[in-house]
Amino acid sequence: MIVGYETVRPEDVASHYQCRLGKWYFDEQTKKQLQGTPAYEKLNAPHERVHVAAKKAVEAYAKGDLKGAEAQLIELEQASAEVIYFIDELIEKVEKERTFETHLA
């Protein structure tokens with residue numbers, strides 16, 4: 001959007017509940033398996049910030065506020081890095097559990 005390759009409207013930005021990660025995160029099976037895990041509990045806040053920053057970036061861009069849009073994209077990048085960090089922690093946890101269960105079998 002910033003470089004002019006595509007047009008994005010504020011309503012095009014999904015909420016953190018509606019995207020693929022959100023659907024997985026709020027799924028009952030996911031909650032059952034991961035609730036109480038620190039990385040799972042910490043994941044929602046930066047994930048929500050990604051979506052909020054994306055929407056604010058689109059809104060700022062639509063108003064011609066390129067500096068505001070760029071500032072929101074920086075926030076989006078920082079929140080995205082946190083999301084990836086927590087997802088990596090969850091992957092590590094699940095892999096350790098699988099390895100442990102395999103050794104028990």
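A few points about the overall build of the protein chain
Counting its regular elements, the protein chain contains 4 helices and 0 strands. Counting from the amino terminus, the protein chain carries its helices and strands in the arrangement α-α-α-α. When each of the 105 residues of the protein chain is scored for burial, the buried share is 29%. Pairs at least 24 apart in sequence give 66% of the contacts found in the protein chain among residues at least 6 apart. On the protein chain, roughly 7,500 Å² of surface is accessible, and the fraction owed to carbon and sulfur atoms is 54%.

Quick word on the nonpolar core
Leu34, Tyr40, Leu43, Val50, Leu76 and Leu90 are the most contacted members of the largest nonpolar core, which has 16 residues in total. Listed by contribution, the elements that provide at least two residues to this core are α3 (38–62) and α4 (66–104). Examining the composition of this core, we find that 7 residues originate from one element, α3, more than from any other. Beyond its immediate chain neighbours, meaning those up to four positions away, Leu43 contacts Trp24, Tyr25, Val83, Phe86, Ile87 and Leu90.

A short note on the side chain of His47
With respect to the element layout, His47 can be found in helix α3. Residue contacts for His47: discarding those within four places in its chain leaves His16, Cys19, Leu21, Gly22 and Val83.

Thoughts on the pattern of salt bridges
Within the structure shown, the criterion is met by 5 salt bridges. Lys31 is the partner of Glu28 in a salt bridge, and the nearest nitrogen-oxygen pair spans 3.8 Å. In this pair, Glu28 and Lys31 are both assigned in helix α2 (residues 28–34), 3 residues apart and thus about one turn of the helix distant. In the salt-bridge network here, residues are joined through shared partners; they are Arg49, Glu75 and Glu82.

How each quantity is defined
- Residues numbered from 1 in each chain as written.
- Predicted model: local features only at pLDDT ≥ 70, side-chain atom pairs only at ≥ 80, totals over all residues.
- Heavy atoms only, no water.
- Helix = DSSP H or I, 4+ residues; strand = E, 2+ residues; numbered from the N terminus.
- Buried < 20%, exposed > 50% of the residue type's maximum accessible area, 1.4 Å probe, protein only.
- Contact = heavy atoms within 4.5 Å.
- Areas by Shrake-Rupley, 256 points an atom, 1.4 Å probe, with all protein chains shown as cover.
- Core = buried A, V, L, I, M, F, W, Y, C linked by side-chain atoms within 4.5 Å.
- Salt bridge = Lys/Arg side-chain N within 4 Å of Asp/Glu carboxyl O.

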